[in-house]
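# Survey of secondary and tertiary structure
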Number of protein chains: 4
Amino acid sequence: MAHTIIGVMGPSRCDAATAEKAERFGRLLAEAGFTLLCGGGTGVMEAASRGAHAAGGLVIGVLPGHDATESAPNPYVDLPIFTGISHARNLINVLSSQVVVAIAGAHGTLSEIAFAIKCGKPVVLLDSWQFSVPESPPAERVFRAKDPQEALALVKQLA
Amino acid sequence: MAHTIIGVMGPSRCDAATAEKAERFGRLLAEAGFTLLCGGGTGVMEAASRGAHAAGGLVIGVLPGHDATESAPNPYVDLPIFTGISHARNLINVLSSQVVVAIAGAHGTLSEIAFAIKCGKPVVLLDSWQFSVPESPPAERVFRAKDPQEALALVKQLA
Amino acid sequence: MAHTIIGVMGPSRCDAATAEKAERFGRLLAEAGFTLLCGGGTGVMEAASRGAHAAGGLVIGVLPGHDATESAPNPYVDLPIFTGISHARNLINVLSSQVVVAIAGAHGTLSEIAFAIKCGKPVVLLDSWQFSVPESPPAERVFRAKDPQEALALVKQLA
Amino acid sequence: MAHTIIGVMGPSRCDAATAEKAERFGRLLAEAGFTLLCGGGTGVMEAASRGAHAAGGLVIGVLPGHDATESAPNPYVDLPIFTGISHARNLINVLSSQVVVAIAGAHGTLSEIAFAIKCGKPVVLLDSWQFSVPESPPAERVFRAKDPQEALALVKQLA
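Here's what I pulled together on the structure shown here. Residue numbers here run from 1 along each chain, matching the order of that chain's written sequence. The order in which chains are written sets their letters, starting at A; the order in which ligands are written sets their numbers, starting at 1. Where local features are concerned, this predicted model is filtered to residues with pLDDT of at least 70; where side-chain atom pairs are given and counted, the filter is 80 or more; whole-chain, interface and lining totals use all residues. Only hydrogens and water are removed before side-chain values are computed, so all heavy atoms of the structure are retained for them.

## Description of the nonpolar core
Buried Ala, Val, Leu, Ile, Met, Phe, Trp, Tyr and Cys residues form a nonpolar core when they are joined through side-chain atoms within 4.5 Å. Here the term buried applies to any residue with accessible area under 20% of the maximum for its type, exposed to any over 50%, and partly exposed to those in between, with areas from a 1.4 Å probe on protein chains only. Counting residues in hydrophobic clusters, the biggest one holds 116 residues, and the most contacted among them are Phe 131 of chain A, Phe 131 of chain B, Phe 131 of chain C together with Phe 131 of chain D. In what follows, residue pairs with any heavy atoms lying within 4.5 Å of each other are defined as contacts. When sequence neighbours within four positions are dropped, the list of residues in contact with Phe 131 of chain D reads Leu 110, Trp 129, Gln 130 and Phe 131 of chain C together with Leu 110, Ile 113, Ile 117, Leu 125 and Arg 144 of chain D.

This is the structure in structure tokens:
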């Protein structure tokens, strides 16, 4: 039966407090029976992968490069998907996830949030981007969580 | 000799005032000798293309679909590049432009702004997105213009 | 620990004899502990997925469309990866597989064989394409198997 | 008005005789009023670009890398389109061309021929790949030319 895949997006570098949240969220996802998909790299991606792995969950890493030499998967990735299409793989991360969760974030993460809204995917933000544009209402189905537990509760509702 | 390509990003629907600005900017770009690249569609893309075309400029449209049936180029596109890769083509728009100019914008445009910053391209914003993330300084080389003339002056400095 | 992923490429329509071979090969792969990756569709892809699934293996389907409405995964896909990038996803199939196995094949499969050789992946062909070009020697690391058992033996050597 | 774009595909290394044919064909294309699209690189791509350029034609180069440092366009490319999506850009070459002409070829060219047939584009082959698969008739709209003049005649019929 097809797994229910939840995407966790975030920067390749983060501080310890953010990593701790990402790891906790990855663990909660796996404990709830979800399969985690991320960009396969370091920072928030690695922390969330570690959490999911520790709870026995499956971790998919969708990487930008051609191979492990060019894009090393973090050690907790069970299924490295090498795309060779660089940042364009951000679209795949979004389309393959039933809910897109962004934790903190640099500009790659912002592109994923934007793609998710564009593609009609529900988005959960934890300590992540604020964004607005003149004369346009905020997007529907974008939610802000105050901690990993609240993010998981939102994912359960939205998946 | 290679053309100097400037990207104009913006939504496929816009109000008349925005279209007027986009058209004026397209015209200014072409008069200054730049080649315009856009997503090839309607709205801001079409208005900017119309302006460039009226001034005798060359217009490249990088389209998401496989062909004109799936992704009709606007009537001012001289060179339709059909990608078949959907929104992932937003990366190409950014990488092929020496400066990325966003006029107004929906979420596709936000993804292009994010990719541009990620890829180190200078960005000029005209009535476009505001965005920020906790504990991170604003990106360098992101400029806000108050009108098409100022946007052109910035492009000339940055190209 | 990262799974060892083997790609099975083939057409979305095939006759019963080819389907039987693909299913048998999928079963052998899973029994040998490999994870199967395919394009996620019908025909050879579905038959190989069914075989792997029956043997308790994990099946990754890398699909061309945005979602299950546009690109329905076959019923044996555990992990549908929706790319939205159409045939360009063929590159991902190749890069994510340690060995690329082509069974029969239409032109999509031929593009995958070509990408695999271009990217230095070993290729195993079963009832699949013949190809040659003037004044160029045949590619190295392209092997022809006479049946699924021989294809598995080659995969074990090459993975 | 939209240009009529013809794609010329071929390897990044070739012998002098092949380069001479590619250059002659590029020249003929431009003299006939077509815009040439190629992968933007060396070998057959550069030779065809040089021919088109010498005849005053416009040359589009669709490159695999992010920028000129990673993927230097040959000196005759007027419009470098940087994709960042590596070999996946081969799909774009095909979709953006009204006719796909392959001259000689390595495996990248074979992927383009395969994509062209898959996408229903007419294909003209000059000293290029032979390919067949068991129990399947040859593709329609694939033509073999004996020299650049015959290739041009075919392009004129097919565009």
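## Re the interface of chain C and chain D
Listed by partner, the interface residues are 28 residues for chain C and 28 residues for chain D. Roughly 2200 Å² is buried in total at the junction of chain C and chain D, and carbon and sulfur atoms are behind 75% of that figure. Should a side-chain nitrogen of Lys or Arg be within 4 Å of a carboxyl oxygen of Asp or Glu, the pair is scored as a salt bridge. The interface formed by chain C and chain D includes zero salt bridges. Polar contacts, as counted here, are pairs of nitrogen or oxygen atoms within 3.5 Å of one another; within protein the pair requires one atom able to donate a hydrogen and one able to accept it, and residues that are adjacent in sequence qualify only if both atoms are side-chain atoms. Our count for the contact surface shared by chain C and chain D stands at two residue pairs in polar contact (both at pLDDT 80 or more). Numbering of helices and strands starts at the N terminus; helices are DSSP runs of H or I of at least 4 residues and strands are runs of E of at least 2. Mapped onto the side of chain C that touches chain D, the elements with two or more residues apiece are α3 (89–95), α4 (107–118) and β7 (130–132) of chain C. Among the residues forming the side of chain C that touches chain D, the class breakdown is 14 nonpolar, ten polar and four charged. One requirement defines pairing of two strands: DSSP has to find at least two bridges between them. Pairing between β7 of chain C and strand β7 (residues 130–132) of chain D: three bridges, direction antiparallel. Following the sheet pairing, Gln 130 of chain C is matched in β7 of chain D by Ser 132 of chain D. Buried area: the accessible surface (1.4 Å probe) lost by two parts on joining, summed over both. Here the nonpolar group is Ala, Val, Leu, Ile, Met, Phe, Trp, Tyr, Cys and Pro; Asp, Glu, Lys and Arg are the charged ones; every other residue, Gly included, is treated as polar.

## Thoughts on the sheet that holds strand β2 (residues 35–38) of chain B
Residues and elements named next belong to chain B. Spatial strand order, β4-β3-β2-β1-β5-β6-β8: seven strands in an open sheet with parallel pairing. At either end of the open sheet lies a strand with only one pairing partner, and these are β4 (79–82) and β8 (142–145). Neighbour-to-neighbour, the strand axes of the sheet open up by a mean angle of 25°, direction not taken into account. Two strands pair when backbone bridges link them, and β2 and strand β3 (residues 59–63) are joined in this way by three bridges, in the parallel orientation. Looking across to β3, one finds that Leu 37 is bridged to Ile 60. Lying on the sheet, helix α1 (residues 16–31) is in contact with β1 (5–9), β2 and β5 (99–103); it crosses β5 at an angle near 155°. Seen against the sheet, helix α4 (residues 107–118) touches β1, β5, β6 (123–126) and β8 and runs at an angle of roughly 150° to β6. Note on geometry: axes are C-alpha line fits, over the in-contact stretch for helices, and angles between N-to-C directions span 0 to 180 degrees.

Keep in mind that these numbers describe shape and distance, not what the molecule does.
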